[in-house]
Amino acid sequence: LQSGLKPHEQKERMLGRLCVLTAVLHSGCLKRMLENFDASKWKLLPQGPIKEIGRSLHELWAARPYMRPPVVHLLVQICRELCMSSCSGRVPEALEQWPVDKHLRKE
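Residues numbered from 1 in each chain as written. Predicted model: local features only at pLDDT ≥ 70, side-chain atom pairs only at ≥ 80, totals over all residues. Heavy atoms only, no water.

Considering the packing of helix α1 (residues 7–27) against helix α4 (residues 49–63)
Okay, step 1: Between α1 and α4, the least distance of the axes is 11 Å, while the angle of their chain directions is 145°. Once α1 is placed against α4, the crossing between them reads as left-handed. Across the interface between the two elements, Met14, Arg17, Leu18 and Leu21 from α1 touch Ile53, Ser56, Leu57, Glu59, Leu60 and Ala63 from α4.
Okay, step 2: Within the contact of α1 with α4, the residues separate by chemical class into seven nonpolar, one polar and two charged. (Axes fitted to C-alpha atoms, helices over the stretch in contact; angles between N-to-C directions. Helix = DSSP H or I, 4+ residues; strand = E, 2+ residues; numbered from the N terminus. Left-handed = near helix turned anticlockwise from the far one by under 90°. Contact = heavy atoms within 4.5 Å. Nonpolar A, V, L, I, M, F, W, Y, C, P; charged D, E, K, R; others polar.)

See the structure below:
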């Protein structure tokens, strides 16, 4: 998120990003991309789309407490899509920016 914006401008940008990510997920284009997955082309991207979505969601989650519930809901949906598309190995990419390890109990 850009610094130097007025609070209402930051809020509008964050809500806009959340709406775009929601639209991407609900449009089915992520699912189609996973179904037509070509590993050789995927590696050419500087950051994979899954990693980029996860990073963007984490930025929104960290920015404002009121953004957390819808952001986490979207993250769960993305992980579900990955698992249902036989791409469960890509879930760590979506979670790379998230501090998951510190929340796990050591036994």
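Remarks on the side chain of Arg90
Okay, step 1: The residue Arg90 is located in the loop between α5 (68–84) and α6 (91–95) in this model.
Okay, step 2: Overall, Arg90 belongs to the buried group, its relative accessible area being 19%. (Buried < 20%, exposed > 50% of the residue type's maximum accessible area, 1.4 Å probe, protein only.)

Focus: the packing of α4 against α5
Okay, step 1: The contact between α4 and α5 brings their axes to 9 Å, and the two run at 160°. Viewed along their axes, α4 and α5 adopt a mutual orientation that is roughly antiparallel. Considering how the two elements wind past one another, α4 and α5 form a crossing that is left-handed. Residues Ile50, Ile53, Leu57, Leu60 and Trp61 of α4 form the contact with α5, whose own contacting residues are Arg68, Val71, Val72, Leu74, Leu75, Ile78 and Leu82.
Okay, step 2: Its residues assigned to classes, the contact of α4 with α5 shows 11 nonpolar, no polar and one charged. (Parallel < 35°, antiparallel > 145°, perpendicular 65-115°, else oblique.)

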